[in-house]
Amino acid sequence: MKRLTRLLPAGLVSLTALMVAADIAVIGSPAYGTVGVLAWVCAWLVFAVSSGMLLIRLTCDAGRGKAVLSAVAVLISLATILYLSTRAQFMSFESTHEIACAVSLLKGKGNAYAGTCLYGYPAKQYFIPALPTLLFGRSVFSLQAGNAVYFLIGLPVFAYGLYRWLADHPARDILTASAVLTPWLFPVLGWVVFNFEQAAYPSALALLGAGLVLRSETTKNIIYPALIGMLAYTLAFMYTPGLALCGLLTVYLLTDAFRRGIRGQPSALVPMAFIVLFLAGLLLSLRYRTDIRIAGDGEPLLPAIQTVLVTSGNVLNHFLITPYGVPWTVGFFGWIFLGILVYSLVGGNGWMGAVCAVWIWGTLMAGMMMQGYAGGAAVDYMLKRSTVSIPFFVLLFTAAVRHLPVKRHILAALLIPLIVSGIIRQYRLYMDQKTTGQSELAMAVRDLSPRLLRILPQKFVLTADITQLVKTDNFGDAAVYYWDGYASGFTAETAAAMDCDYSGSVVLMTTDNPCFGKIASDNNYPRWQIEGPFPLDTASGHKSVVVVWSEDLGSVAGAATD
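Parameters at a glance
Residues numbered from 1 in each chain as written. Predicted model: local features only at pLDDT ≥ 70, side-chain atom pairs only at ≥ 80, totals over all residues. Heavy atoms only, no water. Helix = DSSP H or I, 4+ residues; strand = E, 2+ residues; numbered from the N terminus. Buried < 20%, exposed > 50% of the residue type's maximum accessible area, 1.4 Å probe, protein only. Contact = heavy atoms within 4.5 Å. Areas by Shrake-Rupley, 256 points an atom, 1.4 Å probe, with all protein chains shown as cover. Phe/Tyr/Trp six-rings, centres within 6.5 Å; stacked < 30°, edge-to-face > 60°. Salt bridge = Lys/Arg side-chain N within 4 Å of Asp/Glu carboxyl O. Core = buried A, V, L, I, M, F, W, Y, C linked by side-chain atoms within 4.5 Å. Disulfide = S-S within 2.5 Å. Expected span 1.5 Å × (residues − 1). Pairing = 2+ DSSP bridges.

Novice: Go over the overall build of the protein with me, naming the residues and quoting the values.
Specialist: Tallying secondary structure elements over the protein gives 24 helices and seven strands in all. A burial count over the protein gives 55% of its 562 residues as buried. Sequence separation of at least 24 residues holds for 75% of the intrachain contacts in the protein that already meet a minimum separation of 6. Surface accessibility of the protein: about 23500 Å² in total, with carbon and sulfur atoms responsible for 64%.

In structure tokens, the structure reads:
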């Protein structure tokens, strides 16, 4: 076992180097991308196994009465994420495009390893979230649980790392459980996570990164800096805010290499090797990714001091005075957030805490001022880019609270009401989300016949009576995921058709539609009837009917009886 432990860091370096080599090789021949995809999946399998092992250790400690609250907090959080991933009302209609794109690339329909998906984001980041769809088929759960996979991996590592870091504190179980639940004091984080979309990837991976840093600080085992290095490499291909986390982790690797180097340890070469590999990966990703938009056309890359001051004022106003939309924190916790940052900046949490506080504020400012694809949007929307900083703020918060000269029961009395207020706010966010029926409608049409989607023309029409019952503005986005190969070419009628001519189209209408009688008497229109579960107005007795028109009646009729 000890020999395996010594060989594993070298194996991770080799695995990461293989991914870099694949990125170089695909420039000449996309066929080499298969090697890169396999290496990428293996890298994340390492993270998943590591997370599972630490979760087992935490639950075993709970079984011995040592980490009961911590284990319960982690298991409840994971169970909640998995449960909510079954609910269609949280579906993001960007994730449908992203995962459908990744599935298509992984099936060999394009250069997967150096491919891009929606808005030019690297396709690599979607490979692991796409696995449930590849393994279990296209469904709400496959889509959303896949997009939650980074969170499912990161949270146990974060919790166990913190629990071990607090080993000398008599209230470490309370502090760890509180830290696991503290992120829910940030409604903006719930807004991001519960959309089950790539916007949650950086904050989920920040949990993983923070946990690995804590384990690295509590053990001399070089495996943790190696895992941090491999994570930094993969972050070079993640959603843009993940690049901020790359920077912080690289600073930590430099620090770790320096500390090992001055002690004369050969293991200092491991973090240095990963820094080189990360920089190579970053340069290679910039070769084809087109999502990085620092400034708008004609704007300077570096903002003026006045812009920084105005932006800072807008952020402080949103934190402390007039939060609107989706707030950054729950109520007065905005004051605590800023207080912890100031406390850390003046050295209250040591020099590493000061570096972390500077990084957190810099991430907030960058998220606000970078153009991206939503430059100039409302403050609450722009701040969702900075949720990557929340796990590291939780570390600063926990580090500060651990120094409070209070007993465990008093600490619990202070923390529990605070955490409960955050959970209540997140529950209200959940209750406010209502399904629009688009996902259910796309699935219902897909399930009508195994052959139906293979004969669909590009024109798919939702009649005016349907658009009054189901919110259909994103129906085409849902269909992109549920209908393999569909190109999102649908039309939503705003008024009833006068001529009832839907030649060459697939049409969805209710039996109350004025055209239904004419179509029902025409044998050229094969029909399928859909009975829910999408939320049609059942009180009025509506029933949806799909009508497929084709001049070659036989080929379509065959689909009806398939």
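Read on for the rest.
Novice: Let's hear about the packing of aromatic side chains: which residues, and what values?
Specialist: Here a ring pair, both rings aromatic, is described through the centre-centre distance and the interplanar angle of the planes. For the structure on display, the rule yields 22 aromatic pairs. Ring plane angle 75° and centroid distance 6.0 Å describe the contact between Phe 186 and Phe 337, whose orientation is recorded as edge-to-face. Placement of the pair is Phe 186 in the loop between helix H8 (172–181) and helix H9 (187–193) and Phe 337 in helix H15 (residues 333–345), with a sequence separation of 151 residues. Residue Phe 186 is classed as buried on the basis of its relative accessible area of 0%. On the basis of relative accessibility, which here comes to 0%, the residue Phe 337 falls in the buried class. Centroid distance Tyr 481 to Tyr 482: 5.0 Å. Interplanar angle 75°. Geometry classified as edge-to-face.

Novice: So, the pattern of salt bridges: which residues are in play, and what are the values?
Specialist: Pairing is possible between side chains of opposite charge, provided their charged atoms come close. If you walk through the whole model with that rule in mind, you get six salt bridges. Its salt-bridge partner being Lys 124, residue Asp 23 comes within 3.2 Å of it at the nearest N-O pair. Residue Asp 23 is located in helix H1 (residues 2–28), and its partner Lys 124 is located in the loop between strand S2 (121–122) and helix H5 (127–136); the two are separated by 101 residues in the primary sequence. Since its relative accessible area comes to 0%, Lys 124 is described here as buried. The salt bridge involving Asp 256 is made with Arg 259; its shortest N-O contact spans 3.8 Å. Of this pair, Asp 256 and Arg 259 both sit in helix H12 (residues 242–262), three residues apart, which is roughly one turn of the helix.

Novice: Outline the nonpolar core, listing residues and values.
Specialist: Counting residues in hydrophobic clusters, the biggest one holds 166 residues, and the most contacted among them are Trp 40, Trp 44, Phe 186 and Phe 337. In terms of residue count, helix H7 (residues 149–165) provides more of this core than any other element does, eleven residues in total. With residues up to four places along the chain from it excluded, the contact list for Phe 337 reads Phe 186, Phe 319, Trp 328, Ile 360, Leu 364 and Phe 393. Core analysis: the next-biggest nonpolar cluster, separate from the first, contains eight residues, Cys 500, Met 509, Cys 515 and Ile 519 among them.

Novice: An account of the environment of Asn 474 is requested, with residue identities and associated values reported.
Specialist: Looking at the secondary structure, you find Asn 474 in the loop between helix H21 (464–467) and helix H22 (475–482). For Asn 474 and Ser 92, which are 382 residues apart along the polypeptide, the C-alpha to C-alpha distance reads 9.6 Å. Discounting residues that sit within four places of it in the chain, Asn 474 has contacts with Phe 93 and Gln 438.

Novice: Kindly report on the environment of Leu 162, identifying the contributing residues and their values.
Specialist: Within the element layout of this structure, Leu 162 appears in helix H7. Residues Leu 162 and Val 180, spaced 18 residues apart in sequence, show a C-alpha to C-alpha distance of 9.2 Å. Contacts of Leu 162, omitting those with residues within four sequence positions, involve Thr 176, Ala 179, Leu 214, Leu 395 and Thr 398.

Novice: Any chance you could break down the state of the cysteines for me, citing the residues and the numbers?
Specialist: Cysteine pairs can be covalently joined through their sulfur atoms, and such a bond is termed a disulfide. Tallying each qualifying case throughout the model produces two disulfides. Across the disulfide, Cys 101 is cross-linked to Cys 117 (sulfur-sulfur distance 2.0 Å). As the torsion about the S-S bond is roughly -80°, the Cys 101-Cys 117 disulfide counts as left-handed. Within this pair, whereas Cys 101 is found in helix H4 (residues 95–106), its partner Cys 117 is found in strand S1 (residues 116–117), the two being separated by 16 residues in sequence.

Novice: Give a description of helix H10 (residues 201–218) that names residues and reports values.
Specialist: With 18 residues, H10 should cover 26 Å at 1.5 Å per step; its first-to-last C-alpha distance of 26 Å lies within 8% of that length. Counting buried residues along H10, 16 of its 18 residues qualify, which places the element largely inside the surrounding structure.

Novice: Any chance you could break down the pairing of strand S5 (residues 506–510) for me, citing the residues and the numbers?
Specialist: For a regular strand, side chains alternate in direction, first toward one face of the sheet and then toward the other. When you tally the buried positions in S5, you get five out of five residues, the bulk of the element. Side chains of S5 alternate between two faces, with Val 506, Leu 508 and Thr 510 and Val 507 and Met 509 buried alike. As defined by bridge partners, strand S3 (residues 460–462) adjoins S5 across three bridges and the pair is classed as parallel. Bridge pairing links Phe 460 to Val 506 in S5.

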